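Residues per chain are reported as follows:
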Amino acid sequence: MSQPVQRAAMRSFIQKYINKETMKYVFTTHFWGPVSNFGIPIAAIYDLKKDPTLISGPMTFALIAYSGVFMRYALAVSPKNYLLFGCHLTNEIAQMGQGYRYLNYTYFTSDEEKAKIASKYEQQP
């Protein structure tokens, strides 16, 4: 791309995405609340690889309910907060994965399989 074309493309990008309204949105709780909340689903996704004996069933199911409530809230407020909705949708899916792992390990895994799983995770540093 030539320099004038690059400049025009950059100017168009800046005018479209880095404008007064966008900056106004970035400095609100409508933006920073969900951004800071993304730590929960990121941790849940990271924990999908960890030992299933460490999963807290009550906490997992509480987080499933919490995310369900806040997904509804994100669409009930005005203006709709799609970033908050996406955060809680991601958390809902990750927590359901954790809930499945918890139920599977606690209620549907035999003692021999539990011993294998325990030995597998004991060997990791």
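Since this is a predicted model, take the numbers as computed values, not measurements.

Draft legend 1. Local environment of the packing of aromatic side chains. Evaluated as defined, the whole model comprises four aromatic pairs. An angle of 70 degrees between the planes, with centres 5.8 Å apart, marks the rings of F70 and Y73 as edge-to-face. Taken together, the positions of F70 and Y73, both in helix α5 (residues 57-76) and three residues apart, correspond to about one turn of that helix. F70 gets classed as partly exposed once you look at its relative accessible area, which sits at 31%. Since its relative accessible area comes to 44%, Y73 is described here as partly exposed. Linked through ring pairs, Y66, F70 and Y73 together constitute an aromatic cluster. Over the ring of Y105 we find K114; its NZ or CZ atom is 5.3 Å from the centre of that ring.

Draft legend 2. Fine view of the UniProt feature "transmembrane region" (unreviewed entry) in the chain. UniProt records the feature "transmembrane region" (unreviewed entry) at residues 25-46 and 58-75, using the numbering of this structure. The span residues 25-46 shows a helical share of 86% and a strand share of 0%, and its end C-alpha atoms are spaced 29 Å apart. When the span residues 58-75 is considered, its composition is 100% helix and 0% strand, and the gap between its end C-alpha atoms is 26 Å.

Draft legend 3. Region of interest: unusual backbone geometry. Cis rather than trans, the peptide bond between S78 and P79 has omega equal to 0 degrees. By the secondary structure assignment, P79 is in the loop between α5 and α6 (82-108).

Draft legend 4. Highlighting the layout of surface pockets. Each pocket or cavity is described by its volume, and for the largest pocket that value is around 200 Å³. Taken together, 14 residues make up the lining of the largest pocket; nearest its centre are D47, I55, T60, Q95 and Q98. Mapped by element, the contributors of at least two residues to the lining of the largest pocket are α4 (39-47), α5 and α6. Ranked by residue count, the leading element in the lining of the largest pocket is α4, at four residues.

Draft legend 5. The arrangement of the packing of α4 against α6 in detail. Interaxial distance between α4 and α6 falls to 8 Å at its minimum, and their mutual angle equals 30 degrees. By the angle between their directions, the pair α4 and α6 is classed as roughly parallel. Read as a crossing pair, α4 and α6 show a hand that is left-handed. Along its contact with α4, which presents I40, P41, A44, I45 and D47, the element α6 presents C87, T90, N91, A94, Q95, Q98 and R101. A per-class count over the contact of α4 with α6 returns six nonpolar, four polar and two charged.

Draft legend 6. Summary view of the side chain of H88. You can see H88 is positioned in helix α6. Of the residues examined, H88 reaches a relative accessible area of 1% and is grouped as buried. Every residue in contact with H88, bar those within four places of it in the chain, is listed here: N37, Y66, S67, F70 and M71.

Parameters at a glance
Residues numbered from 1 in each chain as written. Predicted model: local features only at pLDDT ≥ 70, side-chain atom pairs only at ≥ 80, totals over all residues. Heavy atoms only, no water. Phe/Tyr/Trp six-rings, centres within 6.5 Å; stacked < 30°, edge-to-face > 60°. Helix = DSSP H or I, 4+ residues; strand = E, 2+ residues; numbered from the N terminus. Buried < 20%, exposed > 50% of the residue type's maximum accessible area, 1.4 Å probe, protein only. Lys NZ or Arg CZ within 6 Å of the ring centre and 35° of its normal. UniProt positions renumbered as here; feature names shortened; annotations may be inferred. 1 Å grid on protein atoms, 1.4 Å probe; cavity = no way out; pocket = protein on both sides within 12 Å on 5 of 7 lines; lining within 4 Å. Points joined across faces, edges and corners; volume = space filled by probe spheres on them. Axes fitted to C-alpha atoms, helices over the stretch in contact; angles between N-to-C directions. Parallel < 35°, antiparallel > 145°, perpendicular 65-115°, else oblique. Left-handed = near helix turned anticlockwise from the far one by under 90°. Contact = heavy atoms within 4.5 Å. Nonpolar A, V, L, I, M, F, W, Y, C, P; charged D, E, K, R; others polar.

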